Structures are given as C-alpha cells and as structure tokens.
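Structure assessment
In case you want the letters, here they are:
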Amino acid sequence: MERPFNENQLEGRNAVLEVLKSGRDIEKIIVQKGNVEGTIRRIAGMAKERGIVVQEAARQKLDEMSQTKNHQGVIAIVSEHEYAEVDDILRSAAEKGEKPFIIILDNITDPHNLGAVIRTAECAGAHGVIIPKRRSVGLTAVVGKTSAGALEYMPVARVTNIARTIEELKKQGVWVACADMDGEDYYDASLDGAIALVIGSEGEGVSRLVKEKCDFTVSIPMYGKISSLNASVAGALLMYEVVRQRNYKD
C-alpha cells in the first residue's frame, strides 16, 4: 500500500532553510548521520538557536521517510497548527472574566493522548494547554484528528522550560497542582481558584524538577489491581473536578 502524502513534511536543504527563516513552528528536523556538510551544519545551528529538536538518522531511514526521493540528507516535520503563547492563554481567561484554568503536560509522547487531552480541555472550558518542546509530541495531524476539532478552539503553547513556565504562572497568581500517586485525593484538594493541572505520561509521570515546582500534588484513588490510568483519562477526571468545584461545590 502506498504511504499517504504528508503535507507537514519538508525535504531538501533549501526547503528546510526557508522554513527555518520563515519562523514557522517546526516539530523536529532529521539529518543524515555523519553528514557535516556546510548547509546541514547551518541548518542544525539555526535549529539549535530556535530550540528545535534535531535528530540524526541513518540514510536508509531518511530514504524510507522521503516522499520526494530527493531529501538531500535533511527532512523537517512542521506543525499542523500554529502555537499560542502562554500570555495568550492568560489573556483569554482575563477577557472572559474567569480565573485561569490551564493544563500542563509533561512527557506526553503519544499523539492520541495529547489529542484526547485537548478535546477534554476544550469541553471542560480550560483556557489553554501547555506542552514542552522536548520529550513531547507536538501538534501533528494525528493530534488534530484525535482532538475531534477541539484543536481549532483550544490554544496550545509550546515552551522551552516547563519548570520556568510554572514559576511564571505562580507569579501571575496561578496555583499549580501536580498529578502524582503520592498526592492527596483529588476530590479533597482545593481546585476552584486560578489553577494549572500538571499531568505526566502513564509510564514516566511528571519529571522530578517539574514536580518540585508545583504547589501541591493530587492523586486519583486506585481500587483495582492496575496502579495507573491512561494520561488522558487521568486528565479528564482532574479537569472535571475543577469544573465541579467551580460550578457545583456547596
């Protein structure tokens, strides 16, 4: 079966250079391992300056990925959608006269999980989602499809440093709650103020540095033999506890 054409994949040195110059959001750049030719070195340097992930791969891998069959040792994967800024998310809450309600994702690499979280966040009335540039999937076509259209309405900011972003949010009066197995039961926690929920992957959870920056931790009780929930399911439970406390708490 022929592989479907991916409009978010750019190939060749000039094409990748131009997209870097344009300022468009780029998920990652893949260069041929061992290729240190001048243009490739320039591309890698520009990408590093912008905080874009650069991966090395064998020529065979690039040949398999290539749609033009003329990749010239470099392929860029660009974003399906434009990213927002964290300030845009806070401004959205202020314009609506609402306390900020933000979802922060750490170590989420599964596009289906990210898309599902974005969908739930939009349904729950969150003002935005924040993801890291590294160790995270970006806004790919799969994420857009899984979000069932929510990506068109939900601002997603991509930041270089999640821990630093948390510090900035706290300065803006936002309380930051980390989902962690060692936290207090989530329905006993106070989540009805200006809040950011930090959710990690099912396998790795929230990284230690990010966890240390959070104000408190909350957990979801487990009564079965399985000790963890899928990240998007855990996120949904926590988001709707925020909704409950904001709208239905006695």
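Residues numbered from 1 in each chain as written. Predicted model: local features only at pLDDT ≥ 70, side-chain atom pairs only at ≥ 80, totals over all residues. Heavy atoms only, no water.

Moving on, we get to the environment of Met46. When you line up the elements, Met46 lands in helix H2 (residues 38–49). With 88 residues separating them in the primary sequence, Met46 and Arg134 have C-alpha atoms 17 Å apart. The residues touching Met46, leaving out its near neighbours within four places in the chain, are Leu17, Leu20 and Lys21. (Helix = DSSP H or I, 4+ residues; strand = E, 2+ residues; numbered from the N terminus. Contact = heavy atoms within 4.5 Å.)

With that settled, the discussion passes to the packing of helix H5 (residues 111–124) against helix H9 (residues 231–247). The N-to-C vectors of H5 and H9 enclose an angle of 10 degrees; their axes lie 9 Å apart at closest approach. Considered as vectors, H5 and H9 are oriented roughly parallel to each other. Relative to H9, the crossing made by H5 is right-handed. Seen from H5, the contacting residues are Asn113, Ala116, Val117, Thr120, Ala121, Cys123 and Ala124; seen from H9, they are Ala231, Ser232, Ala236, Met239, Tyr240 and Val243. For the contact of H5 with H9, the per-class residue count stands at 10 nonpolar, 3 polar and no charged. (Axes fitted to C-alpha atoms, helices over the stretch in contact; angles between N-to-C directions. Parallel < 35°, antiparallel > 145°, perpendicular 65-115°, else oblique. Left-handed = near helix turned anticlockwise from the far one by under 90°. Nonpolar A, V, L, I, M, F, W, Y, C, P; charged D, E, K, R; others polar.)

The strand order S7-S6-S5-S9-S8-S10 describes an open sheet built from 6 strands, whose pairing is parallel. The two strands at the open ends of the sheet, each matched to only one other strand, are strand S7 (156–159) and strand S10 (216–219). With strand direction ignored, the average angle separating the axes of adjacent strands in the sheet is 35 degrees. Seen against the sheet, H5 touches strand S5 (101–106), strand S6 (128–132) and S7 and runs at an angle of roughly 170 degrees to S5. Strands in contact with H9 are S5, strand S8 (175–185), strand S9 (195–200) and S10; relative to S9, the strand with the most contacts, it is inclined by about 165 degrees. (Pairing = 2+ DSSP bridges.)

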